[in-house]
Amino acid sequence: MEEPAEETVAGRSELGDAGEERAHEMSATDGEDSRVPAAPDVTYDATLLEQHQSETTAGGEGGGERGARTSGTAKEKAVRFKEEVTGLEEDPPIARGEEDKKEKEEEEKDEWMDILGTGDLKKKVVRDGGGVETRPTPLSRVRIRTKGQLDNGAVVDRHSSIPFTLGDGDVLQAWDLSVSLMEVGELALVRTSPRFAYGRQGRTPDIPANASITYELELLDVQPPVDYATVTEQELTTLVDRKRIRGNELFQRKDYELAVNSYDKALKLIDSYTGEHESEELPPAISDMHVRCLNNLAAAYLKVWNNYDIIHDVIINTYACVSCQVE
């Protein structure tokens, strides 16, 4: 009868502290239904991980790759244990990255205004202006600061001040359409497709064909439309010459229809001036500008070649159009 007691003592000495802890647990649950498992502790995953790490350290002092593999396995088991207990799965890093990207795209979409609803022209306000009441109206005389950037990072169209008549075709369509939605003092970014910038032709030597451009635009000033009853000769000459130069740029890019539009508007400015000054002769500077615009209009119509009667009338009414060269 004494031998079993010795075996029990020996068994306890071999089990050590772990045996004592087990015996304590058994006594604590004495009288309870052993078939009903205890409620799991959701924080036990950390304890389990520590236990595996201590076992790895104790049993694998060889370290190195074996230790790293054992530690990794313990961590994986701890994560699986946590998922079984809590019913929650950790989001994979890739899924979280895709969600963050989607949220960023949604925020960016909210910041950019799709001016035409086609995605070809977008505007984002960087700095607010002086309020909606400071927005320009059609034919207002505005002044803007510009800086463009191509997709490759090259800077183009950098100007500290450009004056033009809003909605009259004096500048790029991207500027014309965007500035109409800006306030005085506003700073905005404008993304434009080639369609509203330099198109299929581009601009030699700095802008390639079919180039998308991101512009930084600042609306510096807004003035009311021209009053032809009070406009001075110098102011009118400047306005007309601006449209002539714009027409020449379009002509060189082979945008002949837009060139026709610019020359035609230059001539209408002169007609409006003469309509307000019926009793006065056309000043020499304006008369010279009138002839040059007629000459250029005839050359542009010859390129378009869609209205021979108008071309004939233009040529007949100008003495300068001998070879119809743009000047």
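Residues numbered from 1 in each chain as written. Predicted model: local features only at pLDDT ≥ 70, side-chain atom pairs only at ≥ 80, totals over all residues. Heavy atoms only, no water.

Naming follows an unreviewed UniProt entry, where the protein appears as peptidylprolyl isomerase of Geodia barretti. Note on the protein: under the UniProt heading Catalytic activity (unreviewed entry), the record states "[protein]-peptidylproline (omega=180) = [protein]-peptidylproline (omega=0)". (UniProt positions renumbered as here; feature names shortened; annotations may be inferred.)

### A closer look at the sheet that holds strand 2 (residues 121-127)
Spatially, 1-2-5-6-3-4 is the arrangement adopted by the six strands of the open sheet, whose pairing is antiparallel. With one partner strand each, in any of the chains shown, strand 1 (113-114) and strand 4 (155-165) form the two edges of the open sheet. Alignment of strand 1 against strand 2, held across two bridges, turns out to be antiparallel. The partner of Met113 across the bridge, within strand 2, is Lys123. (Pairing = 2+ DSSP bridges. Helix = DSSP H or I, 4+ residues; strand = E, 2+ residues; numbered from the N terminus.)

### Section: the layout of surface pockets
In this approach a probe as big as a water molecule rolls over the atoms, and the regions it shows empty are the leftover space. There is about 570 Å³ of room inside the largest pocket. Lining of the largest pocket is provided by 32 residues; of these, Gln173, Arg195, Leu250, Asp255 and Leu258 occupy positions nearest its centre. Put simply, the parts of the chain that give the lining of the largest pocket at least two residues each are helix 6 (173-179), helix 7 (233-252) and helix 8 (256-276). A total of six residues in the lining of the largest pocket trace back to one element, the largest contributor, which is helix 8. (1 Å grid on protein atoms, 1.4 Å probe; cavity = no way out; pocket = protein on both sides within 12 Å on 5 of 7 lines; lining within 4 Å. Points joined across faces, edges and corners; volume = space filled by probe spheres on them.)

### Let's talk about helix 8
Over its 21 residues, helix 8 extends 31 Å from the first C-alpha to the last, a length consistent with the 30 Å expected when each residue adds 1.5 Å. When helix 8 is considered as a whole, its buried residues turn out to be Tyr256, Ala259, Val260, Ser262, Tyr263, Ala266, Leu267, Leu269, Ile270 and Tyr273. In this structure, the buried side of helix 8 is in contact with helix 7 and helix 9 (284-304). (Expected span 1.5 Å × (residues − 1). Buried < 20%, exposed > 50% of the residue type's maximum accessible area, 1.4 Å probe, protein only. Contact = heavy atoms within 4.5 Å.)

### Some words on the packing of aromatic side chains
Applying the stated criterion across every chain yields a total of two aromatic pairs. Taking the ring centre of Trp112 as reference, the NZ or CZ of Arg191 above it sits at 4.0 Å. (Phe/Tyr/Trp six-rings, centres within 6.5 Å; stacked < 30°, edge-to-face > 60°. Lys NZ or Arg CZ within 6 Å of the ring centre and 35° of its normal.)

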